[in-house]
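Analysis of the macromolecular model
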Amino acid sequence: MTLHRRDYDPAAAGPLEGVRVLDLSRLVAGNTLTGLLADFGAEVIKVETGEGDTLRAWRVAGVQSNWKLYARNKKSLGLELRKPAACAILLDLAARAQVFVESFRPGTLEEMGLGPERLFERNPKLVIVRISGWGQSGPYRRRPGFGTLVEGISGFASMNGFADREPVLPPMYMADSYAGLYGAAGVMVALREVEVNGGRGQVIDLPLLDPLFQVLGPQAANYRLTGKVKPRTGSRSTNSGPRNAYRTSDGRYVALSASTQKMSERVMAAIGRSDLVDDPRFRTNADRVKNAEALDAVIGAFVAQRTQAENVAFFEQAEVTIGPIYDIAQILEDPHFTEREVLADYPDGDMGAYPMHHVVPRLEGTPGSVRTPAPKLGIDDARYEAMRREGVVLEE
């Protein structure tokens, strides 16, 4: 399957056009936040020091594959912020910006003479996002803010994996990604307060911990009600059943979720075991959760006789909620991903074509766009002149 080919559209406008964002953050959380704003037209200026954002160093086969995705639609400005002249330039930029994003350890911005009070003196309407691991207050505020540590302490890892094995950390930037998305929502709320309600700017305290803990649901309430810690159950659910990943005859897997009574009965009928509907072990959802191992054995034996594709076709015909568990090689061959351009190829100097993600979410009236590739560190003469004309770079 060949991905559709698209080109960058620098002339495209978006609903956030006119919003200028100074992004001093590094790694995934800040780049996710500002990337979402940039995709919808905000002017995002990455203010980078030294060798630039750490994402630039995350290479695969020598290519900055992460940077190309997370920094699309952005500009880069090199400033050594430990020097007073650079801080003065940044304060001038902040006076003409709407959003300021940083991810230093709490207290660092103040040590640089760039704390919120100083920024608000120059721009009372500025929205300041402060990303950290643990928050701007509390006993852990000075701890290193790595997502892995947050994924461990939040309770996520303790419930992820299998009971007879160690807790499993996520294989992607989970804490950072959730923080970035929540942060983007927070920015839009704060901008509305300024633009619609005539309010002042404000600080958004955005730790990696809070968003991840939020999406884990009512774990504290459940513990208080039962006195039991949520166990690690692999791909099974402690709320409904059957729900699991089942191995197919070709060594692949399918995912099944039958979270309603009607769907679970449909599964049993589809595999030729309608007798299980009235089996005391599986009659109700609570019964199925309690006896998940026995029910999984029956379903697993049926699934194991067919390939992944055969299982998906069979169960879809029976209107059972099942789907394939894909790896990225299969995703690149799937027509749904291609037709909707979940991925599309964009010109790239390193790869020839870079498989770029679609802008999310898809707004029908005011869609986002992929306008420019990720910037090189700093700016060349032509970009400098353009930014000078726009008032981004100031000269006396």
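First, a word on scope: everything that follows refers to the structure included in this document. (Residues numbered from 1 in each chain as written. Predicted model: local features only at pLDDT ≥ 70, side-chain atom pairs only at ≥ 80, totals over all residues. Heavy atoms only, no water.)

1. Some words on the packing of aromatic side chains
By the definition in use, this model includes seven aromatic pairs. On the numbers, 5.8 Å between centres and 65° between planes, the contact of Phe302 with Phe315 is edge-to-face. With Phe302 in helix 13 (residues 292-303) and Phe315 in helix 14 (residues 308-317), this pair connects stretches of sequence that are 13 residues apart. Here Phe302 matches Phe315 in class, with each residue buried. Members of the aromatic cluster, each reached through a chain of ring pairs, are Trp58, Tyr70 and Tyr173. Note that Arg306 overlies the ring of Phe302, its terminal NZ or CZ placed 3.9 Å from the centroid. Lying over the aromatic face of Phe314, Arg306 brings its terminal NZ or CZ to 5.4 Å of the ring centre. (Phe/Tyr/Trp six-rings, centres within 6.5 Å; stacked < 30°, edge-to-face > 60°. Helix = DSSP H or I, 4+ residues; strand = E, 2+ residues; numbered from the N terminus. Buried < 20%, exposed > 50% of the residue type's maximum accessible area, 1.4 Å probe, protein only. Lys NZ or Arg CZ within 6 Å of the ring centre and 35° of its normal.)

2. Some thoughts on helix 8 (residues 174-195)
Compared with an ideal rise of 1.5 Å per residue, which puts 22 residues at 32 Å, helix 8 spans 32 Å between its outermost C-alpha atoms and is within 8% of the ideal. Among the residues of helix 8, those classed as buried are Met174, Ala175, Asp176, Ser177, Ala179, Gly180, Gly183, Ala184, Val187, Ala190, Leu191 and Val194. (Expected span 1.5 Å × (residues − 1).)

3. A look at the side chain of Thr32
Mapped onto the elements of the fold, Thr32 is located in helix 1 (residues 27-39). Residue classification places Thr32 among the buried residues on the basis of a relative accessible area of 14%. In this view, Thr32 contacts Tyr70, Ser177, Gly180 and Leu181; residues no more than four positions away in its chain are not counted. (Contact = heavy atoms within 4.5 Å.)

4. Observations concerning a nonpolar patch on the surface
Taken together, the side chains of Tyr178, Leu181, Tyr182 and Val215 make up a nonpolar region of the molecular surface, amounting to roughly 330 Å² of accessible area. Here the nonpolar patch gets three residues from one element, more than from any other, and that element is helix 8. According to the relative accessible area criterion, Val215 is partly exposed, its value standing at 36%. (Patch = residues over 30% accessible without salt bridge, like charges linked within 9 Å, V, L, I, M, F, W, Y side chains within 5 Å. Areas by Shrake-Rupley, 256 points an atom, 1.4 Å probe, with all protein chains shown as cover. Salt bridge = Lys/Arg side-chain N within 4 Å of Asp/Glu carboxyl O.)

5. With respect to the sheet that holds strand 3 (residues 74-78)
Spatially, the six strands line up as an open sheet ordered 3-2-1-4-5-6, and their pairing is parallel. Where the open sheet ends on each side, the last strands, each with one partner, are strand 3 and strand 6 (202-207). In this sheet, adjacent strand axes meet at a mean angle of 20° when their direction is disregarded. Where strand 1 (residues 20-23) and strand 4 (residues 99-102) come together, three bridges link them in parallel fashion. For Asp23, the partnering residue across the bridge sits in strand 4 and is Val101. Along the sheet, helix 8 contacts strand 4, strand 5 (127-132) and strand 6; its crossing angle with strand 6, the most-contacted strand, is approximately 170°. (Pairing = 2+ DSSP bridges. Axes fitted to C-alpha atoms, helices over the stretch in contact; angles between N-to-C directions.)

6. Quick notes on the pairing of strand 2 (residues 43-48)
In summary, the side chains of a regular strand alternate between the two faces of the sheet. Of all six residues that make up strand 2, six are buried, and the element is covered over most of its length. Of the two faces of strand 2, the one holding Glu43, Ile45 and Val47 and the one holding Val44, Lys46 and Glu48 are both buried throughout. For strand 1 and strand 2, the ladder comprises four bridges, and the chain directions are parallel. Paired with Leu22 across the bridge in strand 2 is Ile45. Each parallel crossover has a hand, and the one from strand 1 via helix 1 to strand 2 is right-handed. (Right-handed = clockwise from strand over helix to strand, strands pointing away.)

7. Quick word on the sheet that holds strand 8 (residues 253-257)
Pairing is antiparallel in the open sheet, where three strands are placed in the order 7-8-9. Where the open sheet ends on each side, the last strands, each with one partner, are strand 7 (243-247) and strand 9 (322-324). This sheet shows a mean twist of 25° between the axes of neighbouring strands, independent of strand direction. Here helix 13 sits on the sheet in contact with strand 7 and strand 8, set at roughly 35° to strand 7. Contacts from helix 14 reach strand 8 and strand 9, with the element oriented near 155° to strand 9.

8. Side note on empty space enclosed by the protein
Overall, the coordinates contain one cavity of 30 Å³ or more when judged by the stated rule. A volume near 60 Å³ is recorded for the largest cavity. Lining the largest cavity are Arg236, Ser237, Ser240, Gly241, Pro242, Arg243, Arg288, Val289, Ala292, Leu295 and Asp296. Secondary structure elements with two or more residues in the lining of the largest cavity: helix 12 (285-290) and helix 13. If one sorts the elements of the lining of the largest cavity by residue count, helix 13 sits on top with three residues. By residue class, the composition of the lining of the largest cavity is four nonpolar, three polar and four charged. (1 Å grid on protein atoms, 1.4 Å probe; cavity = no way out; pocket = protein on both sides within 12 Å on 5 of 7 lines; lining within 4 Å. Points joined across faces, edges and corners; volume = space filled by probe spheres on them. Nonpolar A, V, L, I, M, F, W, Y, C, P; charged D, E, K, R; others polar.)

9. Quick notes on the pattern of salt bridges
For the coordinates displayed, the defined rule picks out 17 salt bridges. Glu43 serves as the salt-bridge partner of Lys75, at 2.6 Å between the closest nitrogen and oxygen. Placement of the pair is Lys75 in strand 3 and Glu43 in strand 2, with a sequence separation of 32 residues. In this structure, Lys75 and Glu43 share a single accessibility class: buried. Close ionic contact of Arg252 with Asp327 constitutes a salt bridge, the shortest N to O distance being 4.0 Å. Taken as a pair, Arg252 in the loop between strand 7 and strand 8 and Asp327 in the loop between strand 9 and helix 15 (328-331) lie far apart in primary sequence, 75 residues in all. Here Arg252 falls in the partly exposed class, since its relative accessible area comes to 33%. Residue class for Asp327 comes out partly exposed when judged on its relative accessible area of 38%. Taken together, the salt bridges that share partners define one network made up of Arg20, Glu43 and Lys75.

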